[in-house]
Amino acid sequence: QVQLAESGGGLVQAGGSLRLSCAASGRTFSSYAMGWFRQAPGKEREFVAAIGRGAGNTEYADSVKGRFTISRDNAKNTVYLQMNSLKPEDTAVYYCALRRALNWDYWGQGTQVTVPS
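Here is a short report on the structure shown in this document.

## Side note on the overall build of the protein chain
Right, so step 1: Tallying secondary structure elements over the protein chain gives zero helices and 11 strands in all.
Right, so step 2: When the helices and strands of the protein chain are placed in sequence order, the string is β-β-β-β-β-β-β-β-β-β-β.
Right, so step 3: For the protein chain, the C-alpha radius of gyration of 13 Å lies close to 13 Å, the compact-globule estimate for 117 residues.
Right, so step 4: Seen through its principal axes, the protein chain has C-alpha atoms that stretch 40 × 25 × 25 Å.
Right, so step 5: For the protein chain, the residues scored as buried account for 44% of the 117 residues in total.
Right, so step 6: For the protein chain, the proportion of contacts with a sequence separation of at least 24, taken over those separated by at least 6, is 53%.

If you want it as structure tokens, here you go:
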């Protein structure tokens, strides 16, 4: 069983930055892809970014390309999401997830990010 715990959310003014962290339990963290998703009020959960087992393989939603950076530290069982140039439309609950094969199998509880307009 894998447990994921996000941290680092908060309130930040437009144009500001935040770094989210997601700590994973278990000894096989480095074997799996990790991702970040978000869900804004009244909207469905959407993909934000993903990183493969090797840190060089990353993918981003078009809405965050050039502003967000996903990274991982396998020694710390942690994945990060550096968010720069934040916009009000980035306001959402952010979730990290772990993918063992085709599906995102494990999810964290989420951390709130608020960017006032």
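## Quick word on the environment of Gly8
Right, so step 1: Secondary-structure assignment places Gly8 in the loop between β1 (4–7) and β2 (10–11).
Right, so step 2: By relative accessible area, Gly8 is classed as partly exposed at 34%.
Right, so step 3: Look past the residues within four positions of Gly8 in its chain and what remains in contact with it is Leu18, Arg19, Leu20 and Thr111.

## Digging into the pattern of salt bridges
Right, so step 1: Enumeration according to the criterion identifies five salt bridges in this entry.
Right, so step 2: A salt bridge links Asp90 to Arg67; its shortest N-O distance comes to 2.7 Å. Of this pair, Asp90 sits in the loop between β8 (78–83) and β9 (92–99) while Arg67 sits in the loop between β6 (58–60) and β7 (68–73); the two residues are 23 residues apart in sequence, bridging distant segments of the chain.
Right, so step 3: A relative accessible area of 0% means that Asp90 is categorised as buried.
Right, so step 4: Arg100 is the salt-bridge partner of Asp105, the closest N and O atoms lying 3.4 Å from each other.

## What to know about the nonpolar core
Right, so step 1: Of all hydrophobic cores here, the largest spans 31 residues; its most connected members are Leu4, Trp36, Leu81, Met83 and Tyr94.
Right, so step 2: Mapped by element, the contributors of at least two residues to this core are β3 (18–24), β4 (33–39), β5 (46–51), β7, β8 and β9.

## A short note on the side chain of Glu6
Right, so step 1: Take Glu6: it is sitting in strand β1.
Right, so step 2: Of the side chains with opposite charge, Arg45 comes closest to the buried, unpaired Glu6, at an N-O distance of 7.7 Å.
Right, so step 3: Polar contacts involving the side chain of Glu6 include one to the main-chain amide nitrogen of Gly110, which spans 2.8 Å.
Right, so step 4: Residues in contact with Glu6, not counting those within four places in the same chain, are Ser21, Cys22, Trp36, Tyr94, Tyr95, Cys96, Gly108, Gln109, Gly110 and Thr111.

## Observations concerning the sheet that holds β8
Right, so step 1: Taken in spatial order, the four strands make up an open sheet running β1-β3-β8-β7, and their pairing is antiparallel. The open sheet has two free edges, formed respectively by β1 and β7, since each of these has just one partner strand. Sheet twist, expressed as the mean angle between neighbouring strand axes with direction ignored, is 15 degrees.
Right, so step 2: Summarising the sheet, β3 and β8 pair through six bridges and their orientation is antiparallel.

Quick notes on the rules
Residue numbers restart at each chain and count upward from 1, following the sequence in its written direction. In keeping with the model being predicted, local features are shown solely for residues with a pLDDT of at least 70 and side-chain atom pairs are shown and tallied solely at 80 or more, while totals for entire chains, interfaces and linings include all residues. In computing side-chain properties, one takes all heavy atoms of the structure into account and sets aside hydrogens as well as water. A helix here means a DSSP run of H or I that spans at least four residues, while a strand means a run of E at least two residues long, and both kinds are numbered starting from the N terminus. Note that the radius of gyration is over C-alpha atoms, with the globule rule given as 2.2 Å times the number of residues to the power 0.38. Partly exposed residues are those whose accessible area sits between 20% and 50% of the maximum for their type, while under 20% is buried and over 50% is exposed, using a 1.4 Å probe and protein chains only. In what follows, residue pairs with any heavy atoms lying within 4.5 Å of each other are defined as contacts. Every case where a carboxyl oxygen of Asp or Glu lies within 4 Å of a side-chain nitrogen of Lys or Arg is listed as a salt bridge. We call a set of buried residues a nonpolar core when its members are Ala, Val, Leu, Ile, Met, Phe, Trp, Tyr or Cys and they connect through side-chain atoms within 4.5 Å of each other. Charged-residue counts in this description rest on Lys and Arg as positive and Asp and Glu as negative, His and the chain ends being excluded. In protein, a polar contact requires one atom able to donate a hydrogen and another able to accept it; more generally it is a pair of N or O atoms within 3.5 Å, and residues adjacent in sequence count only if both atoms are side-chain atoms. Only strands that DSSP links by at least two bridges are regarded as paired with each other. Fitted lines through C-alpha atoms serve as axes, helices being fitted only where they are in contact, and the angles separating the N-to-C directions of these axes extend from 0 to 180 degrees.

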